[in-house]
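# Overview (structure and organization)
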Amino acid sequence: MNYGCLLMLLLIWIVLWLGSSLAVDRFIKYLYDYQTKTWEAIGKPRGMFFHPKGSSYVSYARLSYYWEHELPVLIPEDQIVKSHYARIMIWKKWVTRYLILFLPLVTLGEFM
């Protein structure tokens, strides 16, 4: 087993996880600070690192499954909210693609 390759793949995963978590935290923090009614309407979610008083981990978990379906309807006509949401969707695409490629990359690392 090539541990250097596995370590590199894990480091990439950590960067992707951290980037996506921080993007979601910024989105939730902005909603909490400036769009309180919207934050409450989506269940008062908390972020990975941002935990406002009265927030719910259950709504955070639920929110992560419904990004594309329910949330755009609840997003107010605020360009900052929409830009935060667009960043989250970009991170989500990168994380999804990486997860799909992770096992083949680990397998290829076996032969290097």
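Here the structure is shown first, and the text comes after it.
Just so it is clear, the structure is predicted and the values come from calculations on it, not from any experiment.

Calculation rules
- Residues numbered from 1 in each chain as written.
- Predicted model: local features only at pLDDT ≥ 70, side-chain atom pairs only at ≥ 80, totals over all residues.
- Heavy atoms only, no water.
- Helix = DSSP H or I, 4+ residues; strand = E, 2+ residues; numbered from the N terminus.
- Buried < 20%, exposed > 50% of the residue type's maximum accessible area, 1.4 Å probe, protein only.
- Areas by Shrake-Rupley, 256 points an atom, 1.4 Å probe, with all protein chains shown as cover.
- 1 Å grid on protein atoms, 1.4 Å probe; cavity = no way out; pocket = protein on both sides within 12 Å on 5 of 7 lines; lining within 4 Å.
- Points joined across faces, edges and corners; volume = space filled by probe spheres on them.
- Nonpolar A, V, L, I, M, F, W, Y, C, P; charged D, E, K, R; others polar.
- Patch = residues over 30% accessible without salt bridge, like charges linked within 9 Å, V, L, I, M, F, W, Y side chains within 5 Å.
- Salt bridge = Lys/Arg side-chain N within 4 Å of Asp/Glu carboxyl O.
- Core = buried A, V, L, I, M, F, W, Y, C linked by side-chain atoms within 4.5 Å.
- Contact = heavy atoms within 4.5 Å.

## What about the overall build of the chain?
- Across its full length, the chain carries five helices and zero strands.
- Listing the helices and strands of the chain from first to last along the sequence gives α-α-α-α-α.
- Here the chain, with 112 residues, has 34% of them falling under the buried criterion.
- Per element, the accessible surface of the chain, about 7500 Å² overall, is 68% carbon and sulfur.

## Remarks on the environment of valine 24
- The residue valine 24 is located in helix H1 (residues 3–34) in this model.
- For the pair valine 24 and histidine 84, spaced 60 residues apart in the sequence, the C-alpha separation amounts to 7.9 Å.

## Points about the layout of surface pockets
- Here the largest pocket is characterised by a volume of approximately 420 Å³.
- Surrounding the largest pocket, 18 residues form its lining, Ser20, Val24, Tyr60, Ser64 and Trp67 being those nearest its centre.
- Those elements giving two or more residues to the lining of the largest pocket turn out to be H1, helix H3 (57–65) and helix H5 (79–111).
- When grouped by side-chain class, the residues that make up the lining of the largest pocket number 13 nonpolar, four polar and one charged.

## Quick look at unusual backbone geometry
- Even without glycine at this site, lysine 44 takes up a positive phi of about 55°.
- Summarising the element assignment, lysine 44 is placed in the loop between helix H2 (36–41) and H3.
- Since its relative accessible area comes to 33%, lysine 44 is described here as partly exposed.

## Section: a nonpolar patch on the surface
- A grouping of Leu7, Met8, Leu11, Ile12 and Ile14 is seen on the molecular surface, where their side chains present a nonpolar patch of about 460 Å² in accessible area.
- Here isoleucine 14 is to be found in helix H1.
- Classification of isoleucine 14 as partly exposed rests on a relative accessible area of 45%.

## Re the nonpolar core
- Counting residues in each nonpolar core, the largest one holds 17 residues, and the members touching the most others are Phe27, Ile28 and Trp67.
- Going through the elements one at a time, H1, H3 and H5 are the ones with two or more residues in this core.
- Contacts of isoleucine 28, omitting those with residues within four sequence positions, involve Trp39, Pro45, Arg46, Gly47, Phe50 and Tyr60.
- Core analysis: the second largest hydrophobic core is formed by six residues, Leu9, Leu16, Val95 and Val106 among them.

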